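Each chain, written out:
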There are 2 protein chains.
Amino acid sequence: MSTRESVWLRGERPHRDRRLTREQIVGVTIGILDAEGREALSMRRVASGLGVSPGALYWYVTTKDHLMELALDAVLGEVLEGLQGAPGVPDWRSALSRIAGGSRAMFLRHPWVLADLATQPNLGPNALALADAGLEILADAGFADEDLDAALAAINDHVAGAVVAENAWRSVAARMGADGDDWTEQAGDYLKEIEERHPRLAARMAASGKIDIDQECARRFEFGLACLLDGLESRLP
Amino acid sequence: MSTRESVWLRGERPHRDRRLTREQIVGVTIGILDAEGREALSMRRVASGLGVSPGALYWYVTTKDHLMELALDAVLGEVLEGLQGAPGVPDWRSALSRIAGGSRAMFLRHPWVLADLATQPNLGPNALALADAGLEILADAGFADEDLDAALAAINDHVAGAVVAENAWRSVAARMGADGDDWTEQAGDYLKEIEERHPRLAARMAASGKIDIDQECARRFEFGLACLLDGLESRLP
DNA sequence: ACCTGAACACCGTTCAAGT
DNA sequence: ACCTGAACACCGTTCAAGT
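Residues numbered from 1 in each chain as written. Chains lettered and ligands numbered in written order. Predicted model: local features only at pLDDT ≥ 70, side-chain atom pairs only at ≥ 80, totals over all residues. Heavy atoms only, no water.

1. So, the UniProt feature "DNA-binding region" (unreviewed entry) in chain A
As annotated by UniProt and renumbered to match this structure, "DNA-binding region" (unreviewed entry) occupies residues 42–61 of chain A. Across residues 42–61 of chain A one finds 55% helix and 0% strand; the C-alpha atoms that close the span lie 14 Å apart. (UniProt positions renumbered as here; feature names shortened; annotations may be inferred. Helix = DSSP H or I, 4+ residues; strand = E, 2+ residues; numbered from the N terminus.)

Put into structure tokens, the structure is as follows:
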């Protein structure tokens, strides 16, 4: 209970006649998370997806939290894979942009990851490899010591934060679109109130209603990233 | 189920002989979340904290999610309060820094808020007021239209991201410190592996072990924020 | 070694029935 | 109008017992 140790500190067990693999289990876990979201995930659901009784999972995985850690690291692996085949890149700015872009795409594919990252620290092998890749680029660029950590952290923060905002925007927009009149009727009063109290904010909200979300989110992401990279560049020793 | 509407679209009910208030309920909710974390929060726990049966809560609040929305907006209000009494500030950079710093402090007081923000969009009155305050500063500084949104988003992202990273660091450090030998024994093999595969990363981890976390996290936060503000400033029309 | 089935101690939410 | 008590349909996790 109090000592919540990580999956990565325990090896996988020896085996003889297993029907299941951790890989399989993690696979259907990710499938459920992607398709139905975090709330829909339960051990019982995973088990039934594998045609097995709930208790069986505990032979492969000590806890639901551990399973989540495994799922999280698996999707971080996707970012690394995307980096593998890609051609070399001239400068550190575009090298970092590529990692950031790949991470953003992954977060958009697996929205549940973000809440997970906010909940528990993440020390899986893919997470470490990804961090190391970022450090390499920044170290080659000339950053060292604490500035190295701070620079990488700043970029990671922006990526995660931008996707959180994007998802929030999307879900609100979906809600407005889906049940149309029904929604605006209920929300009408509240929107009126916003207009009175915060005309500036209301104007921005109204403006963003007429915009292509995909495009604007991508633009915002690049905008913030460029600001950050500019600031970093001017701090190079 | 599918249509998850927000608390803010429904008013509070009329009343006659209530024993409870939303305020009280939200109060003990925040208390539990602060003291024992998100997992420990249950309707039954809140009810018993108020000396009332679980079902009674549903007279005041339609759902646990709604209660969380209320709690979230309540703590966002703390940031606004912190802004009220403060003296005027010369430039837009320090005005924004003050909001960012206040938000960071709030996130550190209530770590559960971060996972919540990542999960559901947040349209409470305090959230809106806070956003408007940020917009005002940036608009006065000279930003407009989409750049205005993007600039505010970039700053918010940094604040949230930085605190997530800080919490992660803290929890790992606490784990290492608490059960000392027990932990390092288990983690030893894994750390060895990291050293082999990612020497650069291992070096950074080792270095950060000797550092004062509070101080370094504050430094990192300011570093990223300064980068961002520099980048923004150079993009002023 | 691996899996089933049943159980334990919890959940959120509903709803009759009381006051 | 407000609250209780009991119930429903779920959880995660454990563990004897089977193979």
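2. Things to note about the relation of the copies chain A and chain B
Note on the identical chains: chain A maps onto chain B by a rotation of 180 degrees and an axial translation of 0.0 Å, with an RMSD of 0.0 Å. In symmetry terms, the pair is related by a two-fold rotation axis. Looking at the interface residues of chain A, 100% of them are also at the interface in chain B, so both copies use one shared face. (Least-squares fit on C-alpha atoms with pLDDT ≥ 70 in both. Contact = heavy atoms within 4.5 Å.)

3. Points about the interface of chain A and chain B
Contacts between the two partners involve 67 residues from chain A and, on the opposite side, 67 residues from chain B. Of the roughly 5,900 Å² buried between chain A and chain B on both sides combined, carbon and sulfur atoms contribute 60%. Looking only at chain A, the three residues that lose the most surface to chain B are Tyr190(A), Arg200(A) and Arg204(A), adding up to 12% of its buried area. One salt bridge in this structure joins Asp132(A) and Arg200(B), with 3.5 Å as the shortest N-O distance. Seen at the junction of chain A and chain B, the total is 22 residue pairs in polar contact (both at pLDDT 80 or more). (Buried area = accessible area lost by both parts, 1.4 Å probe. Salt bridge = Lys/Arg side-chain N within 4 Å of Asp/Glu carboxyl O. Polar contact = N/O pair within 3.5 Å; in protein donor to acceptor, adjacent residues only side chain to side chain.)

4. Concerning the environment of Glu146(A)
Summarising the element assignment, Glu146(A) is placed in helix H8 (residues 145–178). The class of Glu146(A) is partly exposed, set by a relative accessible area of 29%. Those residues in contact with Glu146(A) that sit more than four places away from it in its chain are Arg204(B), Ile211(B), Glu216(B) and Arg219(B). (Buried < 20%, exposed > 50% of the residue type's maximum accessible area, 1.4 Å probe, protein only.)

5. Considerations on the packing of helix H1 (residues 22–36) of chain B against helix H4 (residues 64–84) of chain B
All names here are of chain B. Direction vectors running N to C along H1 and H4 enclose 80 degrees, while the axes themselves pass 9 Å from each other. Our classification of the angle between H1 and H4 gives roughly perpendicular. Contacts between H1 and H4 involve Arg22, Ile25, Val26, Thr29, Ile30 and Leu33 from the first element and Leu67, Met68, Leu70, Ala71, Ala74 and Val75 from the second. Here the residues of the contact of H1 with H4 are counted per class, giving ten nonpolar, one polar and one charged. (Axes fitted to C-alpha atoms, helices over the stretch in contact; angles between N-to-C directions. Parallel < 35°, antiparallel > 145°, perpendicular 65-115°, else oblique. Nonpolar A, V, L, I, M, F, W, Y, C, P; charged D, E, K, R; others polar.)

6. A few points about the UniProt feature "domain: HTH tetR-type" (unreviewed entry) in chain A
Per the UniProt record, "domain: HTH tetR-type" (unreviewed entry) is found at residues 19–79 of chain A. Span residues 19–79 of chain A is 69% helix and 0% strand, its end C-alpha atoms 29 Å apart.

7. A look at the side chain of Glu69(A)
Residue and element names in this part refer to chain A. With respect to the helices and strands, Glu69 occurs in helix H4 (residues 64–84). We classify Glu69 as buried; its relative accessible area is 7%. In this view, Glu69 contacts Glu5, Ser6, Val7, Trp8 and Gln120; residues no more than four positions away in its chain are not counted.

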